[in-house]
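Structural overview for review
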Amino acid sequence: MAAPEPLSPAGGAGEEAPDEDEDEAEAEDSERPGASGGARSGGGGGGGGGGGVGPGSCGGPGGALTRRAVTLRVLLKDALLEPGAGVLSIYYLGKKFVGDLQPDGRIVWQETGQVFNSPSAWATHCKKLVNPAKKSGCGWASVKYKGQKLDKYKAAWLRRNQLHIPAAAADESPASEGEEEELMMEEEEEEVLTGASAEDKSRRPPVKGASEPVHPEATPPGKRVENKIRVPVRYCMLGSRDSARNPHTLVEVTSFAAINKFQPFNVAISSNVLFLLDFHSHLTRSQVVGYLGGRWDINSQTLTVLRAFPCRSRLGDADTAATMEEEIYQSLLLRGLSLVGWYHSHPYSPALPSLQDIDAQMEYQLRLQGSSNGFQPCLALLCSPYYSGNPGPESKISPFWVMPPPEQRPSDYGIPMDVEMAYVQDGFLTNDVLHEMMLLVEFYKGAPDLVRFQEPWNQEHTYLDKLKISLASRTPKDQGLCHVLEQVYSVLKQGS
């Protein structure tokens, strides 16, 4: 399934990225013999390729003033670098960025045509797209020219022109200890990305395709689920990533307030979306999955979720999944919607993400970013219809988003964050929703893992009663289609 076209980015092709005025001034000064960045205090990213000095910047050995005097223009002028298309690259948290080096020392990002005055400005911009909490880019240590880090070329220039600086000091990367660990991770990611068509894979839609198992533990047809309670753990108890840890370990979500941060985007969700995904999750004792369609408003930083697209396919059925994904993609195009997230169910477990869910969501957030030159979120929804710990018959539906791990521990698990949503009550059930409901009933009809709705759920209610109660709070006020719903319920009761 090809990814839907991203919304119009904030900066169009060819638009110059806003940099500090000092970037331009420093680049100009560095062209003059004996010029030094020491005339200015601190400041933003280094000009024309110089590393800035100040809070959050990447000053390093060899003397900050000397390093600030070395810019991309200087390296081009002294023939250590040559301008060219696609000669610059950044690898960060599984995503690759490619840039063109201009004769004047500026960088053009190929994906958007944005122009940056320095490696630091470009690296910071790209890394913030992936990780909004990123404060600096350490451009000279992150940006590579034809596969070699730019700080190696800077070190070569320093050795050639500043003989009093020891070679070992000139070669050192101007990065802090935590940043050096992150840069090592970037190198490992580059090795993975440069493998078999990995870059092409990164352009696929950020969804958990129905062709790949959401959880190997999902119930195969005919196998009864054991109501085995999984006890969630707190994120702070996880520690470093451990391959021996059970990937189905549930993790409690963290609020943004608890870490003194604001939620980086707003979410508004349609009641029809919750209605349909809740209905889908109730039908089977196995795990279900689906996609979310909507719109991202970059001006208000609001993600509006307008449609749920259930996957009518069995986990592991690649052929049906491919057909289903193409059908959903066409539906998105037809309705002018973008892919904005995904949902899945934990039938008998809490509506909390597992370690596997966290890793998957982090990957999807990166992939949904696509070619957009601005931050764009990807929302995950979890539905728990039959968890015994739910306070009543109503399903628990929980949204989450993953914050990248702390920069000083880049190999840790991402942090699952609780997401606040504004609930938008729809005026009526659309024909699309009713049609999807009938298709789902038909798909699961006669399946061994279909919930038997005529059987008792507890002493007071049958499973059908429980379904109706759960859907009631998400049902639109207009009851004109109640007879259609009753027909659906009747078919469910007979079919199970």
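Structure shown above.
Every chain is numbered on its own, with residues counted from 1 as its sequence reads. Thresholds applied to this predicted model are a pLDDT of at least 70 for local features of residues and 80 or more for the giving and counting of side-chain atom pairs; totals over whole chains, interfaces and linings are not thresholded and use all residues. The side-chain quantities take in all heavy atoms of the structure and omit both hydrogens and water.

Examining the environment of Lys 468
Structurally, Lys 468 can be placed in helix H14 (residues 463-472). For the pair Lys 468 and Tyr 489, spaced 21 residues apart in sequence, the C-alpha separation works out to 8.6 Å. Here a helix means four or more residues in a row that DSSP labels H or I, a strand means two or more in a row labelled E, and each is numbered from the N terminus.

Digging into unusual backbone geometry
One non-glycine residue, Asn 260, lies in the positive phi region at around 60 degrees. Structurally, the position occupied by Asn 260 is in the loop between helix H9 (198-202) and strand E7 (266-270). One non-glycine residue, Gln 301, lies in the positive phi region at around 55 degrees. Its place among the elements puts Gln 301 in the loop between strand E8 (289-297) and strand E9 (302-310).

Describing the sheet that holds strand E2 (residues 95-101)
Read from one edge to the other, the open sheet built from six strands follows the order E4-E3-E2-E1-E5-E6, with strand pairing classed as antiparallel. Each edge of the open sheet carries a strand with a single partner, namely strand E4 (115-116) and strand E6 (148-149). Any two strands with at least two DSSP-identified bridges between them are counted as paired. As paired elements, strand E5 (residues 144-145) and E6 share two bridges and run antiparallel to each other. Across the sheet, residue Lys 144 finds its bridge partner in E6, namely Lys 149.

So, the pairing of strand E12 (residues 396-403)
Note on classification: 1.4 Å probe, protein chains only; a residue is buried when its accessible area is under 20% of the maximum for its type, exposed when over 50%, partly exposed between these limits. Counted residue by residue, E12 has seven buried out of eight residues, so it is predominantly covered. Bridge analysis of strand E11 (residues 379-384) against E12 gives five bridges, and the strand direction is antiparallel. If you follow Ala 380 over to E12, its bridge partner there is Phe 400. With four bridges connecting them, E12 and strand E13 (residues 415-418) associate as antiparallel partners. In the strand pairing of E13, Phe 400 is matched with Asp 418.

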